[in-house]
Each structure stands twice: as structure tokens, then as C-alpha cells.
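The residues making up each chain are set out below.
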Amino acid sequence: MLCPPNGGTRDRARAGARYHGDQAATPGMLDFAVNVRPGGPPVWLTDRLASRLPDLGSYPSRADQRRAVDAVAARHGRSADEVALLAGGAEGFALLAGLRPTSAALVAPSFTEPEAVLAAAGIPIHHVVLPSPFTLAGAAVPDDADLVVIGNPTNPTGVLHRRADILALRRPGRLLVVDEAFADGIPGEAETLAGQSLPDVLILRSLTKTWALAGLRVGYALGAPDVLNRLTAPRPHWPLGTLQLEAIAAASSPEAVAEANAGARRLAELRTSMAAELERLGLDVVAGDAPFVLFTVPDAELMRKHLESKGIAVRRCDTFVGLPDNYLRAAVRPEWPALIDAMTEVLQ
């Protein structure tokens with residue numbers, strides 16, 4: 001279904017585009033609203049970052065920049081000029097407007113940051129809304145869209161699209177942007193396009209979720225050198241600091257990639273159990289693979305308020321284009337039985 005940039009859908013999108021899950025959780029709450037590794041970064045990573053604190057009196061070095069770029073390039077089998085380091089994956093979206101697209105198509109429901117930054121730049125936007133179960137079958141992207149943005153796995157649905165289905169969206173003169181912020185939360189990084197060098201496909205990656213580095217802002221883009229050069233042209237000197245560069249290099253090492261994959265497998269097992277219990281409560285759960293679960297409840301606002309009273313935060317979903325207001329999203333965490341118990345009180 002195609003939603004043009006006017007009417008009620010547009011108004012709700014504008015109002016909700018800047019809402020993010022961190023606004024739902026206050027300190028001390030059991031946080032299912034934010035999809036960041038619970039418990040903070042691993043000790044080996046914080047130790048490595050701490051070892052660089054004495055270097056903060058100097059500007060970030062070219063050697064640190066090169067080390068981080070080379071680590072990302074080696075991780076994905078890309079050349080160094082196909083890598084651009086970012087202050088979080090969200091910075092990649094903020095830079096898209098500088099490419100000056102004439103018409104952008106956002107496959108929805110999806111992460112709202114592209115909507116916010118492109119709308120602020122005055123770029124015409126169309127939402128290509130996927131009906132439940134939110135797969136790409138029958139997606140009608142306007143032929144004149146020269147920028148298409150899609151998530152894989154998609155936030156908030158958790159659906160993992162097939163590579164072939166995503167690549168079918170390519171057209172001459174179009175840049176296809178794939179948000180892979182949660183790709184390293186999928187065992188084996190199934191269906192990723194990060195390792196494919198394609199002139200018209202831009203991949204945006206985040207390291208903040210798996211490594212609990214949301215406060216540091218680390219990520220990167222993978223794409224054709226000319227696309228990356230245009231994307232990053234407006235940036236100032238030293239766009240990333242020393243600790244950010246160190247974190248990117250560390251999280252891209254073979255050992256870190258193996259650790260992330262082991263964590264993804266554990267989360268997949270937890271997700272299966274969590275989704276089964278939600279279904280046992282009589283709820284409709286969207287089939288997905290991401291480290292979060294999208295499901296429906298009879299009254300989402302009532303459920304959220306009840307969970308808040310129990311010190312539990314979940315993500316509201318009425319801010320996402322294409323989702324009715326009876327959806328909620330919950331991160332996959334080992335403490336999921338506490339969420340189920342609290343929800344049972346309302347549903348019974």
C-alpha cells in the first residue's frame with residue numbers, strides 16, 4: 001500500500017518520527033523498550049576503551065582512523081574505500097539528504113529517523129506500507145523514487161527479508177539504502193548484503209545495540225566509493241573521536257564478531273521461548289528473527305500503563321507509520337518471564 005506525503009498518515013508520521021524507545025524507560029525500570037544489550041558493554045571492551053583515555057588530549061589520529069576502517073573492511077570483505085565510519089547508524093540517515101534525492105520511498109513500518117531527517121530537508125516522501133505479516137511480497141515502490149530505504153531485519157516488525165527480495169527493488173538511477181542496524185543480532189547475519197559490492201546499494205550498520213554503546217555513537221556505512229564520498233562531504237574535520245574509532249576497530253575484530261554471533265544464537269533461543277509464551281496468552285505475535293518481538297494486545301495504552309506501574313518499559317508502536325495502535329514491541333531479554341507475568345495480570 002502506498003501512502004503519499006499528505007493526510008492523517010503524514011501528520012502522525014511527523015509527530016512520531018522523533019519518538020524513540022529510550023523515552024519510555026526511566027532509571028531503574030526493567031527496560032524492554034530499548035533494543036540494547038542489557039548489562040552494558042563487555043569488560044574486555046570497556047578495558048580497551050579505558051586504555052585510550054590518556055590519548056584524549058590529542059586529536060583523533062589518522063592511524064586510528066585507518067585501523068578502524070581496515071577492521072570494518074576486513075570484517076565484510078570490502079575494500080577500504082567502500083567504508084565510511086559513522087557516529088552511530090543514525091548519522092548515515094542524517095547525511096542522506098545531502099545526496100539530494102528528488103523523491104524518497106520509505107518501506108514501512110520501519111525505523112522513523114529517515115522520515116524525520118528527510119522531511120526536515122523538504123524531500124518528498126512516500127511510505128510504502130507493508131500489511132501484516134510485513135513481508136515484501138507485492139510491495140509497490142514508486143518508479144520515480146530515486147532513494148529507497150528499507151530495514152533488514154526491520155524495526156519494529158522483526159521481519160528478516162530475503163536478499164533477493166531487497167535487491168529486486170533496484171532500478172536505474174535509484175539508490176537503495178538498507179538499514180542493517182540489527183543484522184549482527186541475527187545468527188550468522190543471515191540475508192545481509194554487507195559483503196556485496198554494488199554501485200547502487202548503501203548499507204548502514206550500527207554497533208550500539210550488540211555492544212551496548214548507545215552513549216558512544218558508533219557505526220559505519222558500506223557502499224560504492226563515489227556514493228560514500230558524496231554522503232560524507234558535508235562532515236567536519238574529526239567527525240569521530242578517539243574512543244569511537246577504538247570501539248569500531250574492537251567490535252570489528254574476528255573475536256568480537258564470533259562473540260556477537262554466539263550472543264545472537266542465545267537471543268534467538270530466548271526469542272523462541274518468549275514468543276511462544278506471548279502466543280500462549282492469546283496474543284498475535286509477528287513472525288520474525290530480530291532480537292525484539294512485535295505483538296498485539298487488546299488495549300496497548302492500558303497495558304503500557306500497567307507495565308509502567310510494575311517498573312517495566314515496553315515500546316509503544318503507534319508512532320510507526322503502518323501500525324495500528326494495538327501493537328507493542330519488546331526487546332528479547334533473559335528477564336522476559338517477568339514481562340509475561342505482568343502482562344498476564346491485565347489479560348486475565
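Residues numbered from 1 in each chain as written. Predicted model: local features only at pLDDT ≥ 70, side-chain atom pairs only at ≥ 80, totals over all residues. Heavy atoms only, no water.

## Notes on the sheet that holds strand β10 (residues 292–296)
Then, in step 1: Spatial strand order, β10-β13-β12: three strands in an open sheet with antiparallel pairing. The open sheet terminates on both sides in strands that have one partner only, identified here as β10 and β12 (315–316).
Then, in step 2: One ladder, built from five bridges, connects β10 with strand β13 (residues 327–331); its direction is antiparallel. Residue pairing across strands places Val293 opposite Ala330, the latter belonging to β13.
Then, in step 3: Docked against the sheet, helix α9 (residues 254–280) engages β10 and β13, running at close to 10° with respect to β10. (Pairing = 2+ DSSP bridges. Helix = DSSP H or I, 4+ residues; strand = E, 2+ residues; numbered from the N terminus. Contact = heavy atoms within 4.5 Å. Axes fitted to C-alpha atoms, helices over the stretch in contact; angles between N-to-C directions.)

## Some remarks on the pairing of β10
Then, in step 1: For β10, a buried count of five out of five residues is recorded, marking the element as mostly surrounded by other parts of the structure.
Then, in step 2: Side chains of β10 alternate between two faces, with Phe292, Leu294 and Thr296 and Val293 and Phe295 buried alike. (Buried < 20%, exposed > 50% of the residue type's maximum accessible area, 1.4 Å probe, protein only.)

## Quick look at the nonpolar core
Then, in step 1: Within the largest apolar cluster, 42 residues are counted, with the highest numbers of intra-cluster contacts made by Leu85, Val148, Ile150, Leu176, Val178, Trp211 and Ile248.
Then, in step 2: Considering every element that reaches this core, the biggest residue donor is helix α8 (residues 242–251), with six residues.
Then, in step 3: If sequence neighbours within four positions are ignored, Trp211 has contacts with Arg37, Pro41, Pro42, Trp44, Leu45, Ala251, Ala256, Glu259 and Ala260.
Then, in step 4: Core analysis: the second largest hydrophobic core is formed by 24 residues, Leu281, Met303, Ala342 and Met343 among them. (Core = buried A, V, L, I, M, F, W, Y, C linked by side-chain atoms within 4.5 Å.)

## Some remarks on unusual backbone geometry
Then, in step 1: With an omega dihedral of 15°, the bond running from Ser132 to Pro133 counts as a cis peptide bond.
Then, in step 2: Backbone torsion omega between Asn155 and Pro156 reads 20°, so that peptide bond is classified as cis.
Then, in step 3: Mapped onto the elements, Pro156 comes out in the loop between β6 (147–151) and α6 (163–167).
Then, in step 4: Phi angles above zero are rare outside glycine, and Arg217 is one such case at about 65°.
Then, in step 5: Mapping Arg217 onto the fold places it in the loop between β8 (201–206) and β9 (219–222).

## Some points on the confidence of the model for the protein chain
Then, in step 1: Looking at the protein chain, the pLDDT average stands at 93 and 93% of residues meet or exceed 70.
Then, in step 2: Considering only residues more than four positions removed or in separate chains, one finds that residues 4–10, a stretch of pLDDT under 50, has seven contacts. (pLDDT = per-residue confidence, 0-100.)

## Notes on the side chain of Thr192
Then, in step 1: Looking at where Thr192 falls in the secondary structure, it is placed in the loop between β7 (175–179) and β8.
Then, in step 2: Judged by its relative accessible area of 17%, Thr192 falls in the buried class.
Then, in step 3: For Thr192, the residues in contact, after removing those within four places along its chain, are Arg163, Glu180 and Arg205.

## Let's talk about the pattern of salt bridges
Then, in step 1: Scanning the entire structure with this criterion turns up 19 salt bridges.
Then, in step 2: A salt bridge links Arg78 to Glu82; the nearest nitrogen and oxygen atoms lie 3.4 Å apart.
Then, in step 3: Overall, Arg78 belongs to the buried group, its relative accessible area being 7%.
Then, in step 4: On the basis of relative accessible area, Glu82 is assigned to the buried category, the value being 11%.
Then, in step 5: Two residues, Glu277 and Arg280, come together in a salt bridge whose shortest N-O distance is 2.8 Å. With Glu277 and Arg280 both in helix α9 and three residues apart, the pair spans about one turn of that helix.
Then, in step 6: What emerges from the salt-bridge pattern is a single network uniting Arg48, Arg52, Asp55, Asp64, Arg67 and Glu246. (Salt bridge = Lys/Arg side-chain N within 4 Å of Asp/Glu carboxyl O.)

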